[in-house]
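# Close look at the chain arrangement
Chain by chain, the residues run as shown.
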Amino acid sequence: MASQPEGLQQLATLVKVSQALAGTLHLETALERVLAILDRGHKMTPSMVTLLDTSSEELAIAVAHGLTSEGKRARYHIGEGITGRVAQSGKPIIVPRVSQEPMFLNRAGQRKNLQRHEQSFICVPVIINRKPVGALGVDMPFQEGRHYEQELQFLQVVTSMIAQAINVNRLAATERQHLREENTYLREELQQRYDFSNIIGNSGRMRQVYEQITRVASTNTTVLIRGESGTGKELIAHALHYNSPRARRPFIKVSCAALPETLIETQLFGHEKGAFTGAQARRQGRLELADGGTLFLDEIGELSPTMQVKLLRVLQEREFERVGGTVTLKVNVRLLAATNRDLEKAMVEGSFREDLYYRLNVFSLFVPPLRERKEDILLLAERFLEQYTREHGKPIKRIATSAIDMLTSYHWPGNVRELENVIERSVLVCEGAVMHGYHLPPTLQTAEGSGTVPQVSLTEAVEVFERDLIQDALKTTRGNRAKAAKLLNTTERIMGYKAKKYAIDYTRFRA
């Protein structure tokens, strides 16, 4: 049994080893400190920690103490020498006299004059999850009567602490790599989601918008996006950011209409601890969070005159102070703003500052309302149909002609957002493979331009349904009356009669 002083010294060393391993997140630095502690406390030098290189299946020296630069480059095959055998078997080896051990390779250390200065060597496996992944090897001066078993037990405790540190480091590295991959994936997904190709529309008005986005996206210019509510201004803001040099930096959105004046200042600029009741800690504002990236101010026309003055300073100087603070902070942000208000009229009325307007209106993008881009309604409807049939697990394949006519005849006061809601609602109520006009909400079915009547007789309702069936059949068969008749299990003569009765021009379906 070890003497009391020796036991106390080993206990003190274990405390220092624990502190060294916990004192830094850098594994190599921590292990170097551990080997230095073993040298100072127990004259265990030279010493080294070898770890298995999975790519070459060799043992390489991860850290060493008391070895030359050449010695640190030594490598061992599994099963080769003392170190290789320990890493292979997972069992420690004690060599009381190095000079008398034929298996000792002396590859890492330059042990000379062993006859005059005999050395002992102890090698202990580093085991993680019951598998040896390396070894700790230490030299110490040979002493007659040394308690090698006690030294071994001490080193086994040290090695178990090293193994735990290595395992935690590897788990942390794996987690960091996973987070990096996930972050890269999410950024790529966002970039794909907000790519220009995801802004739907082939109309002339939308092509002009695409050209303007392409022209300004790669710059740092302030952009004012204007248009009615629901036209897709936020989607365009995302597209501008994710197709700019700042795409890998933050995109921070602030809804100016959703927050009262008392909160929007702290949201934008942040606050210091004790700035007001409840401010128990310093908080970064959206401007700080957007540093290096893009700040999107939605519904900027709703800002109060006081906040307009403070925002004007940020646009001019790119600097601000937190609420309750005195330190001036500089930020590098690109500003995008959106509004559905008539800012020129607001300037005349005195509710919007003229100088702020000219700072914002460096490059304006006007997003047309849906009623002015009728050609895009079917494209948008089909995109939303695909999205919500997949989301709700519905087998709907297409939109019936009657429903298309109703969609294109409606005036869409809520623009694209209203169209999206209409399609989702219709997907939920539709049970077949085709979305018909009667699946659309009553607001469209009773609209003046939809061609429907609020109250119809049974005969009229049957005729409407019959007309829809015939049009769908002709659409499916590309205007071929014979195939359409066969599809409806009737004769071509009856098909011709019905088409004439309902004034259906079958040639329009041949395209």
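Residues numbered from 1 in each chain as written. Predicted model: local features only at pLDDT ≥ 70, side-chain atom pairs only at ≥ 80, totals over all residues. Heavy atoms only, no water.

Before going further, it helps to spend a moment on the overall build of the protein. Along the backbone of the protein there are 19 helices and 17 strands. For the protein, the C-alpha radius of gyration of 38 Å lies well beyond 24 Å, the compact-globule estimate for 511 residues. Oriented by its inertia axes, the alpha-carbon framework of the protein measures out at about 115 × 70 × 40 Å. When burial is assessed residue by residue, the protein has 44% of its 511 residues classed as buried. Partitioning the intrachain contacts of the protein with sequence separation of at least 6 by distance along the chain shows that 66% fall at a separation of at least 24. On the protein, roughly 27,500 Å² of surface is accessible, and the fraction owed to carbon and sulfur atoms is 50%. (Helix = DSSP H or I, 4+ residues; strand = E, 2+ residues; numbered from the N terminus. Rg over C-alpha atoms; globule rule 2.2 N^0.38 Å. Buried < 20%, exposed > 50% of the residue type's maximum accessible area, 1.4 Å probe, protein only. Contact = heavy atoms within 4.5 Å. Areas by Shrake-Rupley, 256 points an atom, 1.4 Å probe, with all protein chains shown as cover.)

A word on the sheet that holds strand E1 (residues 47-53). Strand pairs in the sheet, formed through backbone hydrogen bonds, run parallel or antiparallel to each other. Taken in spatial order, the six strands make up an open sheet running E3-E2-E1-E6-E5-E4, and their pairing is antiparallel. Looking along the sheet, the strands with just one partner apiece sit at the ends: strand E3 (75-77) and strand E4 (93-95). Looking at each pair of strands side by side, their axes are set apart by 20 degrees on average, direction ignored. Sheet analysis places strand E5 (residues 119-128) next to strand E6 (residues 131-141), joined by ten bridges and oriented antiparallel. Paired with Pro 125 across the two strands is Ala 135, which belongs to E6. In this fold helix H2 (residues 27-42) packs onto E1, strand E2 (58-65) and E6, with an angle of close to 60 degrees to the strand it touches most, E2. Lying over the sheet, helix H4 (residues 81-89) contacts E1, E2, E3, E4, E5 and E6, oriented at roughly 30 degrees with respect to E5. (Pairing = 2+ DSSP bridges. Axes fitted to C-alpha atoms, helices over the stretch in contact; angles between N-to-C directions.)

Turning next to a nonpolar patch on the surface. Taken together, the side chains of Tyr 438, Phe 465, Leu 469, Leu 487 and Leu 488 make up a nonpolar region of the molecular surface, amounting to roughly 450 Å² of accessible area. Within the element layout of this structure, Leu 487 appears in helix H18 (residues 481-487). (Patch = residues over 30% accessible without salt bridge, like charges linked within 9 Å, V, L, I, M, F, W, Y side chains within 5 Å. Salt bridge = Lys/Arg side-chain N within 4 Å of Asp/Glu carboxyl O.)

Taking strand neighbours across the sheet as the criterion, the five strands line up as E8-E11-E14-E7-E15 in an open arrangement whose pairing is parallel. Only two strands of the sheet have a single partner each, and these edge strands are strand E8 (251-255) and strand E15 (363-366). Between one strand and the next, the sheet's axes are offset by a mean angle of 20 degrees, whatever the strand orientation. Pairing geometry for strand E7 (residues 223-226) and strand E14 (residues 334-339), over four bridges, is parallel. Bridge pairing in E14 links Arg 226 to Thr 339. Of the strands in this sheet, E7, E8, strand E11 (294-298), E14 and E15 touch helix H7 (residues 233-242), which is tilted by about 155 degrees from E7.

Within soluble globular proteins, side chains that are nonpolar tend to cluster in buried spots. Formed by 33 residues in total, the largest nonpolar core has its most connected members in Leu 155 and Val 158. Among the elements that make up this core, the one with the highest residue count is helix H5 (residues 148-193) (ten residues). Not counting the four nearest positions on each side in its chain, Val 158 is found in contact with Leu 14, Val 17, Val 34, Leu 38 and Leu 136. In terms of nonpolar packing, the next biggest core, distinct from the first, is built from 31 residues, Leu 312, Leu 329, Leu 343 and Ala 346 among them. (Core = buried A, V, L, I, M, F, W, Y, C linked by side-chain atoms within 4.5 Å.)

Before going further, it helps to examine the packing of aromatic side chains. Per the counting criterion, the structure on display carries seven aromatic pairs. Here Tyr 242 and Phe 251 contribute two aromatic rings whose centre-to-centre distance is 6.3 Å and whose plane-to-plane angle is 35 degrees, an arrangement assigned as tilted. Residue classification places Tyr 242 among the buried positions, given a relative accessible area of 8%. A relative accessible area of 17% places Phe 251 in the buried class. With centroids separated by 5.2 Å and ring planes inclined at 75 degrees, the aromatic side chains of Tyr 357 and Tyr 358 adopt a geometry described as edge-to-face. Members of the aromatic cluster, joined through ring pairs, are Tyr 242, Phe 251 and Phe 296. (Phe/Tyr/Trp six-rings, centres within 6.5 Å; stacked < 30°, edge-to-face > 60°.)

What follows deals with the pattern of salt bridges. Oppositely charged side chains may form a pair once their charged atoms are brought near each other. All chains considered together, the criterion is met by 21 salt bridges. Across the salt bridge formed by Glu 234 and Lys 253, the nearest N and O atoms sit 2.9 Å from each other. Within this pair, whereas Glu 234 is found in helix H7, its partner Lys 253 is found in strand E8, the two being separated by 19 residues in sequence. Between Lys 498 and Glu 466 there is a salt bridge, with the nearest N and O atoms lying 3.1 Å from each other. Residue Lys 498 is located in helix H19 (residues 492-501), and its partner Glu 466 is located in helix H17 (residues 458-476); the two are separated by 32 residues in the primary sequence.

A separate point is the packing of helix H14 (residues 401-409) against H17. Packing of H14 against H17 leaves a shortest axis separation of 8 Å and a crossing angle of 100 degrees. Between H14 and H17, the interaxial angle falls into the category roughly perpendicular. Contacts between H14 and H17 involve Thr 401, Ser 402 and Ile 404 from the first element and Asp 468, Gln 471, Asp 472 and Lys 475 from the second. Of the residues that constitute the contact of H14 with H17, the class distribution is one nonpolar, three polar and three charged. (Parallel < 35°, antiparallel > 145°, perpendicular 65-115°, else oblique. Nonpolar A, V, L, I, M, F, W, Y, C, P; charged D, E, K, R; others polar.)

What follows covers empty space enclosed by the protein. Under the defined criterion, the tally for this structure stands at two cavities of 30 Å³ or more. Computed from the structure, the second largest cavity encloses a volume of approximately 40 Å³. Leu 287, Leu 295, Leu 311, Val 314, Leu 315, Arg 318, Val 333 and Leu 335 are the residues that line the second largest cavity. The dominant element in the lining of the second largest cavity, judged by the number of residues it contributes, is helix H10 (residues 305-317), at three residues. (1 Å grid on protein atoms, 1.4 Å probe; cavity = no way out; pocket = protein on both sides within 12 Å on 5 of 7 lines; lining within 4 Å. Points joined across faces, edges and corners; volume = space filled by probe spheres on them.)

The next thing to look at is the pairing of E7. The alternating pattern of E7 places Val 223 and Ile 225 and Leu 224 and Arg 226 on opposite faces, both of which are buried. Both E7 and E15 contribute to a ladder of four bridges, which runs parallel. Looking across to E15, one finds that Leu 224 is bridged to Ser 364.

Of note, the bond from Thr 45 into Pro 46 is cis; its omega dihedral lies within 30 degrees of zero at -5 degrees. You will see that Arg 130, though not glycine, has its phi angle at about 65 degrees, which is positive. When you line up the elements, Arg 130 lands in the loop between E5 and E6.

At their nearest, the axes of helix H13 (residues 377-392) and helix H15 (residues 415-429) sit 9 Å apart, and the two run at 45 degrees to each other. Between H13 and H15, the crossing angle belongs to the class labelled oblique. Regarding H13 and H15, the two cross each other, and that crossing is right-handed. Taking contact as the criterion, the partners of Ile 377, Leu 380, Ala 381, Phe 384, Leu 385, Gln 387, Tyr 388, Thr 389, Glu 391 and His 392 in H13 are, on H15, Val 416, Leu 419, Glu 420, Ile 423, Glu 424, Val 427 and Leu 428. (Left-handed = near helix turned anticlockwise from the far one by under 90°.)

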